[in-house]
Amino acid sequence: MSTETLEKAKSAIPVKGFLDIKDIAIPQGEELVKAILKLKEEKNAVILAHYYQPGEIQDIADFLGDSLQLARQAKETNADMIVFCGVHFMAEAAKILNPTKKVVLPDTMAGCSLADGCSGEGLRKMREQHPDALIATYINCNAETKAESDIIVTSSNAETVIEALPKDRPIIFAPDKNLGRYLSKKTGRDMILWDGSCVVHEAFSMERIAKQLADNPDAKLIAHPESEEAVLKLAHFIGSTSALLDYVEKDDCQKFIIATEEGILHEMKKRAPHKELIPALVFDESCNCSECFYMKRNTMEKLYLCMKYELPEILIDEELRLRALKPIEAMLDLSKSIK
């Protein structure tokens, strides 16, 4: 491959989101897995992957986890390069926690509807309207939004964090209104909610899920708290990504209807191979809308090119990084008791 071809591919990253090199031979199948593992060893890299990633990426990862687990792992790693297989805000959080390490993401267009729908400017305006309020922000947001927050939460630790906040201060919760509403009921804290939601978790159909339950009376419905209230009311168990995994593995029930991103079924099948797992149905019968388009932008081929050329790289302004770091570290300190 010529230098000119590589430079052209690099210059196209802001538009395409990944290194699109058409005249390079990328290994396939087992050879691709071996090539990625070899690059990992050569570059002293660590591959972190979210449970919503494609199954083959989950299988090759050094560490698989939810947002809280991945944030912890990113902070603790000794690797020179963090290869983050997730969405952009997750890789950005890894860079915030590791300013001296190289952080790369296979496709920078792997975004998030929640992160895209909330801004630092918007939170500043909300704080002006509620000057006494503390801002608790879901980790599914960009660095600018984190920098305007007092503390970050994940679905794993949100209840613990909210209950720890001073009772005499109002709380602004952003950006997920469904999670915020759920937390308000769980903790009894009134919260001012940002009007945002996850397109995947809002796609579930209460009517179609109710029929699934009727057709499978021996099944339990489990749901992520980003789902709409109508779906949560039907659920036998509500929990974070990691909590849903643990529940399926340990509960006596042998059949589950899963109301969260479908990628989680890959790990669930490994942990509970003899149990029946049924994806919850969505409104649109013509699409698999319980699959996150953004999470699935990352592929093994993009992962290989990302590691080989160490691009796309996540970079962040130092002043912004330090401001965003403070609420993340506050979260990690409060979450030490959570597995």
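It should be emphasised that the depicted structure is a prediction, and the values quoted were computed from it without experimental measurement.

Focus: the environment of histidine 50
Right, on to step 1. Residue placement: histidine 50 occurs in strand β1 (residues 45–50).
Right, on to step 2. When the C-alpha positions of histidine 50 and serine 67 are compared, they lie 7.4 Å apart, and in sequence the two are 17 residues distant.
Right, on to step 3. The contact partners of histidine 50, leaving out residues within four places of it in the chain, are Gln58, Leu64, Gly65, Asp66, Ser67, Leu70, Cys85, Met90, Thr241 and Met295.

Focus: the sheet that holds strand β8 (residues 191–193)
Strand pairing within a sheet occurs via backbone hydrogen bonds; the two strands may be parallel or antiparallel.
Right, on to step 1. The strand order across the open sheet built from four strands is β6-β5-β7-β8, with neighbouring strands paired in parallel fashion. Because the sheet does not close on itself, it has two edges, and the strands there are β6 (151–153) and β8. Each strand axis lies, on average, 30 degrees off the axis of its neighbour in the sheet, ignoring direction.
Right, on to step 2. Both strand β7 (residues 171–174) and β8 contribute to a ladder of three bridges, which runs parallel. Note on β8: the bridge partner recorded for isoleucine 172 is isoleucine 192.
Right, on to step 3. Against the sheet, helix α8 (residues 120–129) engages β5 (134–138), β7 and β8, with an angle of about 160 degrees to β7.

As for empty space enclosed by the protein
Right, on to step 1. Following the criterion strictly, the structure yields two cavities of 30 Å³ or more and no others.
Right, on to step 2. By volume, the largest cavity amounts to about 260 Å³.
Right, on to step 3. Every residue lining the largest cavity is counted, 25 residues in all, and those nearest its centre are Tyr52, Met90, Asn140, Glu226 and Met295.
Right, on to step 4. Taken together, the elements giving at least two residues each to the lining of the largest cavity come down to α6 (88–97) and α7 (113–116).
Right, on to step 5. Of the residues belonging to the lining of the largest cavity, the class tally is 13 nonpolar, nine polar and three charged.
Right, on to step 6. Put simply, the second largest cavity is a space of about 70 Å³.
Right, on to step 7. Every residue lining the second largest cavity is listed: Ser67, Leu70, Ala71, Ala74, Phe84, Met90, Ala93, Ala94, Leu97 and Ile139.
Right, on to step 8. Elements with a minimum of two residues in the lining of the second largest cavity: α5 (67–76) and α6.
Right, on to step 9. For the lining of the second largest cavity, a count of residues per class yields nine nonpolar, one polar and no charged.

Examining the side chain of glutamine 53
Right, on to step 1. Note that glutamine 53 resides in the loop between β1 and α4 (55–60).
Right, on to step 2. For glutamine 53, a relative accessible area of 1% gives the class buried.
Right, on to step 3. Residues within four places of glutamine 53 in sequence aside, it is in contact with Gln58, Cys85, Gly86, Met295, Lys296 and Asn298.

Concerning the packing of aromatic side chains
Right, on to step 1. Throughout the structure, instances matching the rule amount to three aromatic pairs.
Right, on to step 2. Both rings, one in tyrosine 247 and one in phenylalanine 256, keep their centres 6.1 Å apart while their planes meet at 75 degrees; by these two values the pair is edge-to-face. Comparing tyrosine 247 with phenylalanine 256 shows no difference in burial state: the two are buried.
Right, on to step 3. Judged by centre distance (5.7 Å) and plane angle (65 degrees), the rings of phenylalanine 293 and tyrosine 294 are edge-to-face.
Right, on to step 4. A cation sits over an aromatic face here: lysine 302 above phenylalanine 18, 4.2 Å from the ring centre.
Right, on to step 5. The positively charged end of lysine 308 is found above the aromatic ring belonging to tyrosine 309, 5.7 Å away from the centroid.

With respect to the pairing of β5
Right, on to step 1. The buried fraction of β5 amounts to five of the five residues, a majority that puts the element mostly inside the structure.
Right, on to step 2. Burial of the side chains of β5 extends over both faces: Leu134, Ala136 and Tyr138 are buried on one face and Ile135 and Thr137 on the other.
Right, on to step 3. Across four bridges, the pairing between β5 and β7 is parallel. By the bridge assignment for β7, leucine 134 is matched with isoleucine 171.

Examining helix α11 (residues 177–187)
Right, on to step 1. Those residues of α11 that sit buried are Asn178, Leu179, Gly180, Tyr182, Leu183 and Thr187.
Right, on to step 2. Contacts from the buried residues of α11 go to β5, α10 (158–164), β7, β8, α13 (229–234) and β10 (237–238).
Right, on to step 3. Here α11 starts with a cap whose side-chain oxygen sits 2.9 Å from the backbone nitrogen of asparagine 178, and that cap is aspartate 176.

How each quantity is defined
Residues numbered from 1 in each chain as written. Predicted model: local features only at pLDDT ≥ 70, side-chain atom pairs only at ≥ 80, totals over all residues. Heavy atoms only, no water. Helix = DSSP H or I, 4+ residues; strand = E, 2+ residues; numbered from the N terminus. Contact = heavy atoms within 4.5 Å. Pairing = 2+ DSSP bridges. Axes fitted to C-alpha atoms, helices over the stretch in contact; angles between N-to-C directions. 1 Å grid on protein atoms, 1.4 Å probe; cavity = no way out; pocket = protein on both sides within 12 Å on 5 of 7 lines; lining within 4 Å. Points joined across faces, edges and corners; volume = space filled by probe spheres on them. Nonpolar A, V, L, I, M, F, W, Y, C, P; charged D, E, K, R; others polar. Buried < 20%, exposed > 50% of the residue type's maximum accessible area, 1.4 Å probe, protein only. Phe/Tyr/Trp six-rings, centres within 6.5 Å; stacked < 30°, edge-to-face > 60°. Lys NZ or Arg CZ within 6 Å of the ring centre and 35° of its normal. Polar contact = N/O pair within 3.5 Å; in protein donor to acceptor, adjacent residues only side chain to side chain.

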